[in-house]
Amino acid sequence: MKTIIKKVDQTFIDENIIKEAGDIIKAGGLVAFPTETVYGLGADALNTKAAKKIYEAKGRPSDNPLIVHIAKLEDLETIAKDIPKTAYLLAEKFWPGPLTMILNKTNNVPLGTTGGLETVAIRMPSNKIATQLINASGGFIAAPSANTSGRPSPTLAAHVEEDLKGTIDMIIDGGMVDIGVESSIIDLTVTPPMVLRPGAITKTMMEAVIGEVSEDVTLMKDDDKHRPKAPGMKYRHYAPKAELILVEGEMETVIKNINVLSKEAVKEGKKVGVIATGESRDRYEVGEVKSIGTRAKEETIAHHLYQILREFDDDKVDIIYSEAFETKGIGKAIMNRLLKAAGHHILKV
Ligand code: TXA
Ligand code: MG
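Residues numbered from 1 in each chain as written. Chains lettered and ligands numbered in written order. Predicted model: local features only at pLDDT ≥ 70, side-chain atom pairs only at ≥ 80, totals over all residues. Heavy atoms only, no water.

Visitor: Looking at this model, I keep getting lost on the overall build of the chain. Mind explaining?
Guide: Of regular secondary structure, the chain possesses 10 helices and 17 strands. Taking 349 residues into account, the globule formula puts the C-alpha radius of gyration at 20 Å, and the chain, at 20 Å, falls close to it. Looking at the chain residue by residue over its 349 residues, the buried ones come to 56%. In the chain, the proportion of contacts linking residues at least 24 apart, taken out of those at least 6 apart, comes to 68%. Total accessible area computed for the chain in this model is approximately 14,700 Å², and 50% of it derives from carbon and sulfur atoms. (Helix = DSSP H or I, 4+ residues; strand = E, 2+ residues; numbered from the N terminus. Rg over C-alpha atoms; globule rule 2.2 N^0.38 Å. Buried < 20%, exposed > 50% of the residue type's maximum accessible area, 1.4 Å probe, protein only. Contact = heavy atoms within 4.5 Å. Areas by Shrake-Rupley, 256 points an atom, 1.4 Å probe, with all protein chains shown as cover.)

Visitor: It is not clear to me how the site of ligand 1 should be interpreted in this structure. Could you clarify?
Guide: Taken together, 29 residues sit near ligand 1, with Thr37, Arg60, His69, Ser183 and Gly232 positioned nearest. At a separation of 2.8 Å, an oxygen atom of ligand 1 approaches a polar side-chain atom of Arg60. Look at ligand 1: alone it shows 680 Å² of surface, and the protein chains cover 97% of it. When contributions to the shell around ligand 1 are tallied by element, the ones reaching two or more residues are β4 (67-69), β7 (119-123) and β11 (194-197). Examining the composition of the shell around ligand 1, we find that 4 residues originate from one element, β7, more than from any other. The class makeup of the residues in the shell around ligand 1 is 16 nonpolar, 8 polar and 5 charged. (Near = heavy atom within 4 Å. Polar contact = N/O pair within 3.5 Å; in protein donor to acceptor, adjacent residues only side chain to side chain. Nonpolar A, V, L, I, M, F, W, Y, C, P; charged D, E, K, R; others polar.)

Visitor: What should I look at first to understand the pattern of salt bridges in this one?
Guide: It is possible for side chains of opposite charge to pair when their charged atoms get near one another. All told, the structure shown has 21 salt bridges when counted by the stated rule. A salt bridge links Arg310 to Asp163; its shortest N-O distance comes to 2.8 Å. Placement of Arg310 in helix α9 (residues 298-315) and of Asp163 in helix α6 (residues 157-164) is noted, with a sequence separation of 147 residues between them. The same class applies to Arg310 and to Asp163, which are both buried. With a shortest N-O distance of 2.5 Å, Glu285 and Lys263 are connected by a salt bridge. Here the residue Glu285 occupies a position in the loop between β14 (272-276) and β15 (288-291), and Lys263 occupies one in helix α8 (residues 251-267), the gap between them amounting to 22 residues. Via salt bridges that share partners, Arg151, Glu162, Asp163, Arg310 and Asp313 belong to a single interconnected network. (Salt bridge = Lys/Arg side-chain N within 4 Å of Asp/Glu carboxyl O.)

Visitor: Just to check I follow, could you spell out helix α10 (residues 331-341) for this structure?
Guide: Within α10, 10 of the 11 residues are buried, which leaves it mostly tucked inside the rest of the structure. Those residues of α10 that fall on the buried side of the exposure criterion are Gly331, Ala333, Ile334, Met335, Asn336, Arg337, Leu338, Leu339, Lys340 and Ala341. On its buried face, α10 is in contact with β11, β13 (243-248), α9, β16 (319-323) and β17 (346-348). Positive backbone phi, at 55°, marks Gly343, one or two positions downstream of α10.

Visitor: Explanation requested: the sheet that holds β14 in the structure shown.
Guide: The strands that make up a sheet pair up through hydrogen bonds in the backbone, lying either parallel or antiparallel. Pairing is parallel across the open sheet formed by 5 strands, whose spatial order is β15-β14-β16-β13-β17. Every interior strand has two partners, whereas the edge strands, β15 and β17, have only one. The average undirected angle you get between the axes of adjacent strands in this sheet is 20°. This element, α8, spans β13, β14, β16 and β17 of the sheet and lies at about 175° to β16. Here α10 sits on the sheet and contacts β13, β16 and β17; the angle it forms with β13, its principal contact strand, is near 135°. (Pairing = 2+ DSSP bridges. Axes fitted to C-alpha atoms, helices over the stretch in contact; angles between N-to-C directions.)

Visitor: Where do I start with α9 in this structure?
Guide: Residues lying three or four places apart along an α-helix face the same way, a consequence of the helix completing one turn every 3.6 residues. Taking 1.5 Å per residue as the helical rise, α9 with its 18 residues ought to reach 26 Å, and the 25 Å between its terminal C-alpha atoms agrees with that figure. Roughly 40° is the biggest bend found in α9, and it falls at His304. Burial in α9 covers these residues: Glu298, Ile301, Ala302, His303, Leu305, Tyr306, Gln307, Ile308, Leu309, Arg310, Phe312 and Asp313. On the buried face of α9, the contacting elements are α6, β13, β14, β15, β16 and α10. (Expected span 1.5 Å × (residues − 1). Bend = angle between axes of the 7 residues up to and from the residue.)

Visitor: Explanation requested: the packing of α6 against α9 in the structure shown.
Guide: Between two packed helices, the angle of one axis relative to the other and the distance separating the axes together describe the packing. Two numbers describe how α6 lies on α9: the axes approach to 11 Å, and their chain directions differ by 50°. Taken together, the axis directions place α6 and α9 in an arrangement best described as oblique. The element α6 and its partner α9 pack so that their crossing is left-handed. When α6 is examined against α9, the residues His159, Glu162 and Asp163 are found in contact with a partner set consisting of Gln307, Arg310 and Asp314. Considering only residue class, the contact of α6 with α9 consists of no nonpolar, 2 polar and 4 charged. (Parallel < 35°, antiparallel > 145°, perpendicular 65-115°, else oblique. Left-handed = near helix turned anticlockwise from the far one by under 90°.)

Visitor: What is the right way to read the side chain of Ser280 from this model?
Guide: Take Ser280: it is sitting in the loop between β14 and β15. Among residues more than four places away in sequence, those in contact with Ser280 are Met251, Ile255 and Glu323.

Visitor: Can you walk me through the pairing of strand β10 (residues 184-187) in this structure?
Guide: Within a regular strand, the side chains alternate between the two sheet faces. Judged by which residues are buried, β10 turns out to be covered on both faces: Ser184 and Ile186 on one side and Ile185 and Asp187 on the other are all buried. Strand direction decides the pairing type here: strand β6 (residues 99-105) and β10, joined by 4 bridges, are parallel. Bridged to Met101 within β10 is Ile186. As paired elements, β10 and β11 share 3 bridges and run antiparallel to each other. If you follow Asp187 over to β11, its bridge partner there is Met194. Two successive antiparallel strands, β10 and β11, enclose a turn made up of 6 residues.

Have a look at this one:
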């Protein structure tokens, strides 16, 4: 299949390109597009066959449900029922934006979109290309992250090309995404509501709007006894090809330990990568050292996380040592993804 690739400027959106993409989705095709979190792989959410194509293109297990993206609040009631007041309160505060809500689905949403579940994940993105595309596609786009299953999520159109060129109809290149990690997910079908995936909208931010919010116990630990509540969270995804080890402790001790470990690995003939920060990058003595961002502004770390993991794939490193981060604010989403990418391999020093 030939994949059409079109650049779109977010500040001056070419309506013809949006129409072309919308027509492809209406006809049951697949279009990758930018959102403020990561690139999504979009299909008509109300068309089972189209949703099925997403699973095939990504190589995604079919029990892993998709997020339905909407552009207007009134469309919520077409796909969700028994909507609690908390959903409207959260929508008012955080939509459009990086928050996904789990609600009971209506019969309009096929089970092929929800992985067989009677609930549906819904989000209203803020990226203008995304919202215009949703409107041009009939209002409901099912979109997982536009990576092949298991790889880090795409934050650039080039990442989508790497994974999916030749297997999908179109890629809209809207430049680098803003946030860099996927949306926060909150399940509103349980009491109290539960965070299933941390993101830029934190539990504390949601609690300020709707009161008590709980958190899936599996988010930050490797726990054989509990299955993650979001089906997709059980897979070792976001993962680079190399072995990834997180090193946690006092900054000076971490730097010292990573230097020792890296030198040992190099001696064993391994190609080593180090995930450092602007504050520490000059302190590492061997290996391919990359700064992921600055600790003074953790948003910069989220922004570069997946790109750096992909770069290490290109560099063909065998082992990556990464600094660990505080789990406050967006740091929780960063550590949740890093822990998954590392298969929970964390060294406390
Ligand atoms: O930021 C994002 O959310 C991006 C962009 C493209 O919008 N999308 C995204 O989709 O991250 P995906 O498919 O990579 O992740 C969706 C997650 C999975 O972990 C899935 O299991 C969970 O949402 N999920 C979807 N529907 C669910 C449901 N009904 N109940 C529980 N978890 C659900
Ligand atoms: Mg994903």
